[in-house]
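Remarks on the overall topology
So the chains spell out like this:
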Amino acid sequence: MSDELHDLYQEVILDHSRSPRNFRRLAAANRVARGHNPLCGDNIALFLELDGGRVKDIAFQGSGCAISKASASILTEAVKGRTPDEIRQMFDRVRDLVTRGETPGEDLGKLSVFAGVHRFPARVKCAMLAWHAALAALEGKDQPVTTESPAD
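Below, the structure is looked at part by part.

Reading the values: rules and limits
- Residues numbered from 1 in each chain as written.
- Predicted model: local features only at pLDDT ≥ 70, side-chain atom pairs only at ≥ 80, totals over all residues.
- Heavy atoms only, no water.
- Helix = DSSP H or I, 4+ residues; strand = E, 2+ residues; numbered from the N terminus.
- Rg over C-alpha atoms; globule rule 2.2 N^0.38 Å.
- Buried < 20%, exposed > 50% of the residue type's maximum accessible area, 1.4 Å probe, protein only.
- Contact = heavy atoms within 4.5 Å.
- Areas by Shrake-Rupley, 256 points an atom, 1.4 Å probe, with all protein chains shown as cover.
- Core = buried A, V, L, I, M, F, W, Y, C linked by side-chain atoms within 4.5 Å.
- Pairing = 2+ DSSP bridges.
- Salt bridge = Lys/Arg side-chain N within 4 Å of Asp/Glu carboxyl O.
- Axes fitted to C-alpha atoms, helices over the stretch in contact; angles between N-to-C directions.
- Left-handed = near helix turned anticlockwise from the far one by under 90°.
- Nonpolar A, V, L, I, M, F, W, Y, C, P; charged D, E, K, R; others polar.

**Re the overall build of the chain**
Counting secondary structure elements, the chain contains four helices and four strands. Ordered by position from N to C terminus, the α and β elements of the chain give α-β-β-β-α-α-α-β. Scaling as 2.2 N^0.38, a compact globule of 152 residues should have a C-alpha radius of gyration of about 15 Å, and the chain matches this with 14 Å. Projecting the C-alpha coordinates of the chain onto the three principal axes gives extents of approximately 45 × 30 × 30 Å. Burial analysis of the chain (152 residues in total) assigns 45% to the buried set. Contacts in the chain between residues at least 24 apart in sequence constitute 58% of all its contacts with a sequence separation of at least 6. When the accessible area of the chain is evaluated, it comes to approximately 7,700 Å², of which 48% is carbon and sulfur surface.

Dropping the structure here:
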C-alpha cells in the first residue's frame, strides 16, 4: 500500500471515529443487538429498522477505539437499503478484508479503509465487532455478542 493511500485510509478512519455517522438511538428500531470487545473495551448497541425485507434505517451508540467506532459508522452507511442476505455476504467480504487484507475482485467502497487491519491481529476484533452485532440484530439474538466467544 502506498504511503498516500495509507494516509487517506487513516484520515477516513479518524474522520468516522471523531464524527461517527448514524450515532444515535433509533426509536423506530425493531431489532437491537449489543456487542462487547473486552480486550479493547469497545461497547456497542446497534439499532436496526427492518421494513419490507430491507434495512430502512440503522444507528449505533457506544464507545470504543477509533477502529471500532469507524467500523460501526461506515457499516451503518453501507447497509442501508440492503437485505439481510446482502448484509451477510458483506460480512463475509469484510471479514476477509480485515483478516487477509484483500477481497479479490471486490469493490467495498469506504469499507476498503480496513484493508490494513490484518497487519494488527488484535485490531481485527475491533473492526468486526459492529458486524457481529449487525448479524445478531438480523437474527434477533437477545444475548450480547462478544469478540471472545468461540464463534468469533
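**So, the side chain of Glu 49**
Within the element layout of this structure, Glu 49 appears in strand β2 (residues 42–51). Look at Glu 49 and you get buried, because its relative accessible area is 15%. Excluding residues that lie within four positions of it along the chain, Glu 49 makes contacts with Leu 26, Ala 28, Ala 29, Asn 30, Arg 54, Val 55, Lys 56 and Asp 57.

**Description of the nonpolar core**
Membership of the largest hydrophobic core comes to 44 residues, with the highest contact counts inside it found for Ile 44, Leu 46, Leu 75, Val 98, Leu 111, Phe 114 and Trp 131. Sorting the residues of this core by element identifies α1 (3–18), β2, β3 (54–63), α2 (66–79), α3 (84–100) and α4 (121–139) as the ones contributing at least two each. Tallying contributions element by element places α4 first for this core, with 13 residues. Those residues in contact with Leu 111 that lie beyond four places of it in its chain are Ile 74, Ala 78, Met 90, Val 94, Leu 97 and Trp 131.

**A short note on the pairing of β2**
The buried fraction of β2 is high, at eight of ten residues. Two strands pair when backbone bridges link them, and strand β1 (residues 31–37) and β2 are joined in this way by seven bridges, in the antiparallel orientation. When the bridges of β2 are listed, His 36 appears paired with Asn 43. Here β1 folds back onto β2 in antiparallel fashion, the turn holding four residues, of which Gly 41 has a positive phi close to 90°.

**Comments concerning the sheet that holds β1**
Two modes of strand pairing occur in sheets, parallel and antiparallel, and in both the strands are linked by backbone hydrogen bonds. Read from one edge of the open sheet, four strands run β3-β2-β1-β4, paired in mixed fashion. Pairing within the sheet leaves two strands with one partner each, and these edge strands are β3 and β4 (145–146).

**Section: unusual backbone geometry**
Non-glycine residue Asn 22 carries a positive phi angle of around 60°. The residue Asn 22 is located in the loop between α1 and β1 in this model.

**Let's talk about the pattern of salt bridges**
By the definition in use, this model includes eleven salt bridges. Note that Asp 15 is salt-bridged to Arg 21, the shortest N-O span being 2.5 Å. With a relative accessible area of 34%, Asp 15 lands in the partly exposed category. Asp 96 is paired through a salt bridge with Arg 100; the nearest N and O atoms lie 3.6 Å apart. Residue Asp 96 and its partner Arg 100 are both found in helix α3; the two are separated by four residues, about one turn of the helix. On the basis of relative accessible area, Arg 100 is assigned to the partly exposed category, the value being 47%.

**Brief notes about the packing of α2 against α4**
Between α2 and α4, the least distance of the axes is 8 Å, while the angle of their chain directions is 35°. The crossing of α2 and α4 is right-handed. In contact with Ile 67, Ser 68, Ser 71, Ala 72, Leu 75 and Val 79 of α2, α4 contributes Arg 123, Cys 126, Ala 127, Leu 129, Ala 130, Trp 131 and Ala 134. Taken together, the residues of the contact of α2 with α4 break down into ten nonpolar, two polar and one charged.

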